[in-house]
Amino acid sequence: MSSLIRKEYDIPANDFSRAGEASSNVRKLLTQLGVNPTIIKRTSIAMYEAELNAVIHGNGGKARVEIFEDRIEILVYDEGPGIADIELAMQEGYSTAPDYIREMGFGAGMGLSNIKKNSDKFVIESELNKGTRVYITIYLY
Amino acid sequence: MAEYFHSVTLEKEKCRGCTNCIKHCPTEAIRVRNGKAMIINERCIDCGECIRVCPYHAKKAVTDPLSVMNEYEFRVALPAPSLYGQFGKEYSRERILKGLTELGFDWVFEVARAAEIVSDATRHILKSGKVRKPLISSACPAVVRLIQVRFPNLINNILKLESPMEVAARIAKQTVVSEKNIPAEKVGVFFISPCAAKVTSVKAPYEKKESSVNGVFSIKDIHIKLMEKMKNIPPDCDCELVSSGAYGVGWAGSGGECAALERPKTLAVHGIHNVIAIFEEIVEEKLKDVDFVEALSCIEGCLGGPLTAVNPFVAKTNLKCQVNRAKSKDFSSENTAADYQDLLWTKDMEYKPILKLDENVMKAMIKMQKLEEINDGLPGLDCGACGSPNCRALAEDIVRGLAFETDCIFKLREKVSDLADQMKAFEHIYRTKQDGSGRGKTNDG
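Position labels on residues start from 1 in each chain and follow its written sequence. Each chain gets a letter, beginning with A, and each ligand a number, beginning with 1, in the order they are written. A pLDDT threshold of at least 70 governs which residues receive local features in this predicted model, and a stricter bar of 80 or more applies before side-chain atom pairs are shown or counted, although totals over entire chains, interfaces and linings include all residues. For the side-chain quantities, the full set of heavy atoms in the structure was used; hydrogens and water were omitted.

Engineer: Help me out: how do you make sense of the interface of chain B and chain A in this one?
Structural biologist: Many analyses report the size of an interface as the accessible area lost when the parts associate. Contact definition: two residues touch when any of their heavy atoms are within 4.5 Å. In this assembly, 24 residues from chain B lie in contact with 26 residues from chain A. When a carboxyl oxygen of Asp or Glu lies within 4 Å of a side-chain nitrogen of Lys or Arg, that pair is called a salt bridge. Scanning the region where chain B abuts chain A turns up 3 salt bridges. For Glu372 of chain B, the salt bridge is made with Lys7 of chain A, and the minimal N-O distance between the two is 2.8 Å. When contributions to the side of chain B that touches chain A are tallied by element, the ones reaching two or more residues are helix H11 (272–283), helix H13 (361–377) and helix H14 (391–399) of chain B. Among the elements that make up the side of chain B that touches chain A, the one with the highest residue count is H13 of chain B (8 residues). In the scheme used here, Gly and all other residues not listed as nonpolar or charged are polar, with Ala, Val, Leu, Ile, Met, Phe, Trp, Tyr, Cys and Pro taken as nonpolar and Asp, Glu, Lys and Arg as charged. Per-class residue counts for the side of chain B that touches chain A are 12 nonpolar, 2 polar and 10 charged. Helix and strand labels come from DSSP, where a helix needs a run of H or I of at least four residues and a strand needs a run of E of at least two; each type is numbered from the N terminus.

Okay, here's the thing in structure tokens:
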């Protein structure tokens, strides 16, 4: 079954002021669809974290959002340096963010675990020097 | 009471159908149709942005006429703290409060004092730790309604305490009833308001069944009259009506409520569009380490209310003077959290999903598909000439059956030029045919 609504967003590199633009847009979309507010909240948090990762670590990237009858599928992908050890990256508190980013209040090492916590299905694929792809699925019911 | 009461209304004759109000409305609640603005009732939060931006003064706030005072035997004025910012430093708070009694009020109870009570209750609530953080102030009714229609996830973050206005009204009435022995129905308490949203919250409250306030007057309506009365009152007069300290007076401006909480992790935001930006950060859990958010719809808080008389920045300077002059910080109390039970809301707030395209999610998705398709075809200039605030809103209106694609002047122009092309083509065929038959005739002849 193909998606009913499909949107693509650019995620600019190193621009914190624009990080969250895509997730904010998706939130508006879901609100107009009348999706349950709790599900909207989970979606926007998961997507925002993924977006932020692409900004901080991936030199920017793209987000593709598809809405189906029963679920939302989000793919956030970048062509950045990739993750050497995904298991380690998933650990709460582990972060490779540089100091200046931590000083801004980002890079606390909670991003990936936060995405996992808020999504129903979460898959991450990464290859060194090629980039990272984060797949998030959230069911509407 | 009708389902929706709004203080903000349109004076149709004055409206020229420009795009100022539709472009500034934070909930996209206004459209221009047939050359006149119209407010979509269920979307309006009475913030008063449109009153401020309308160059023809076609938007106004309905307040009560001063004559409603005549319906009561004993009349109490409840001045909003912002009233103090309307006068220069030669007008002390004593002078202002005394002036109010000359305007026909039998007594004055400062809303600033009630604000201090609300602040004390808030301090207890924050200390208890049993709240969802950040706690969001409920002092501004426009902001509370904004949450109700646009931020359902923040409803549980609202500080569900009555506003200083309501607290003041209740205390004032109780005091008069018990001290003067006058029946409650003969006591009229009147709020002197900087804004329209307060009028709405009295006529159609969301936090309880019925407001304790009997009428709302606008600061604008009494400003000049009060100035006149104050002329005859010496600047250094004494006045036993002063009951609030610096904290209560400070509530009038942005940051005042935060200051009264005496906590480090607070945030004060003012201006409805800035409030929206902060709320988005809270929803996405970007805002960390903040316990309390003071959010006021108007720039510079209530001092910038659409019903105030002087420039908000001038008022801010005036207010600073009043704050510095206050004799105490705030009222001293040994109250505990239990003493504030009666301040809690007695009604809970429900989410009003005004943006929903359809009751049924599946149908909403089909409408959304169509909306996206229409939106892609629109010029994206957001000019507002169609009467909707932006291209996307027009696409939404079309999907909802409230507008047509040709309401967009660019779409209309395309259509007209297509038609012209078709006409030309048709004319060409017609001419060729006529020429052809004409020649035929000549040949025949």
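Engineer: How should I be thinking about the UniProt feature "domain: 4Fe-4S" (unreviewed entry) in chain B in this particular structure?
Structural biologist: UniProt positions are given in the numbering used here, feature names are shortened, and annotations may be inferred rather than shown by experiment. Residues annotated in UniProt with the feature "domain: 4Fe-4S" (unreviewed entry) correspond here to residues 366–425 of chain B. Its end C-alpha atoms 38 Å apart, residues 366–425 of chain B is made of 63% helix and 0% strand.

Engineer: Explain the nonpolar core here, please?
Structural biologist: Soluble, globular proteins show a tendency: their nonpolar side chains are buried together. Throughout, nonpolar core names a set of buried Ala, Val, Leu, Ile, Met, Phe, Trp, Tyr and Cys residues whose side chains join them through atoms within 4.5 Å. Only protein chains enter the area calculation, which uses a 1.4 Å probe; residues under 20% of their type maximum are buried, those over 50% are exposed, and those in between are partly exposed. Formed by 56 residues in total, the largest nonpolar core has its most connected members in Leu33, Ile67 and Ile136 of chain A. Residues in contact with Ile67 of chain A, not counting those within four places in the same chain, are Ser3, Leu4, Ile5, Leu29, Leu30, Leu33 and Ile72 of chain A together with Met365 of chain B. Formed by 39 residues, the second largest nonpolar core is a distinct cluster that contains Phe74, Ala121, Leu126 and Ala168 of chain B.

Engineer: In this structure, what is going on with the side chain of Glu294 of chain B? I would like to understand it.
Structural biologist: Residue and element names in this part refer to chain B. Along the chain, Glu294 turns up in strand S11 (residues 292–296). Lacking a salt bridge, the buried Glu294 has Lys316 as its closest oppositely charged neighbour, with an N-O distance of 11 Å. Side-chain atoms alone can form a polar contact between residues adjacent in sequence; in general such a contact is a pair of N or O atoms within 3.5 Å, and within protein one must be able to donate a hydrogen while the other accepts it. Side-chain polar atoms of Glu294 contact the backbone nitrogen of Cys258, separated by 3.0 Å. Those residues within four positions of Glu294 in sequence are excluded, and the remaining contacts are Ser137, Gly253, Ser254, Gly255, Gly256, Glu257, Cys258, Leu267, Ala268 and Val269. Charge counting treats Lys and Arg as positive and Asp and Glu as negative, with His and both chain ends excluded.

Engineer: Is there a simple way to explain the sheet that holds strand S7 (residues 135–136) of chain B in this structure?
Structural biologist: Strand pairing in a sheet relies on backbone hydrogen bonds. The paired strands run either parallel or antiparallel. The criterion for strand pairing is that DSSP finds at least two bridges linking the strands in question. Reading across the sheet, the 3 strands line up as S7-S11-S10 (chain B) and stay open at both edges, with parallel pairing between neighbours. Whereas interior strands pair on both sides, the edge strands pair on one side only; in this sheet they are S7 and strand S10 (266–270) of chain B.

Engineer: Can you help me understand the domain arrangement of chain B in this one?
Structural biologist: All names here are of chain B. Residue ranges for the domains originate in an automatic or database domain assignment. Along its sequence, chain B is organised into domain 1 (6–59), domain 2 (64–341) and domain 3 (354–436). Here domain 1 and domain 2 have C-alpha centroids that lie 26 Å from each other. Note on terms: buried area is the combined drop in 1.4 Å-probe accessible area of two parts once they are placed together, counting the loss on both. Buried area between domain 1 and domain 2, summed over both chains or domains, comes out near 1,100 Å², and the portion from carbon and sulfur atoms is 64%. Across the domain 1-domain 2 interface, the total number found is 0 salt bridges. Put simply, domain 1 and domain 2 have 6 residue pairs in polar contact (both at pLDDT 80 or more) between them. Broken down by element, the side of domain 1 that touches domain 2 gets its largest block of residues, 3 residues, from helix H2 (residues 49–53). Looking at the side of domain 1 that touches domain 2 residue by residue, the classes come out as 5 nonpolar, 5 polar and 4 charged.

Engineer: Sorry if this is basic, but what is going on with the environment of Leu97 of chain B here?
Structural biologist: Following the sequence through the fold, Leu97 of chain B ends up in helix H3 (residues 93–102). If near-sequence neighbours (up to four positions away) are discounted, Leu97 of chain B is found in contact with Pro79, Tyr84, Val108, Glu110, Cys239, Leu241 and Val242 of chain B.

Engineer: Honestly, unusual backbone geometry in this entry has me stumped. Any pointers?
Structural biologist: Across residues other than glycine, the phi torsion is negative in most instances, and most of the peptide bonds are trans. Residue and element names in this part refer to chain B. A cis amide bond links Lys133 with the next residue in sequence, Pro134, at an omega value of -5 degrees. Looking at the element boundaries, Pro134 is found in the loop between helix H4 (111–128) and S7. Although it is not a glycine, Glu300 adopts a positive phi angle of roughly 70 degrees. Here Glu300 is to be found in the loop between S11 and helix H12 (312–325).

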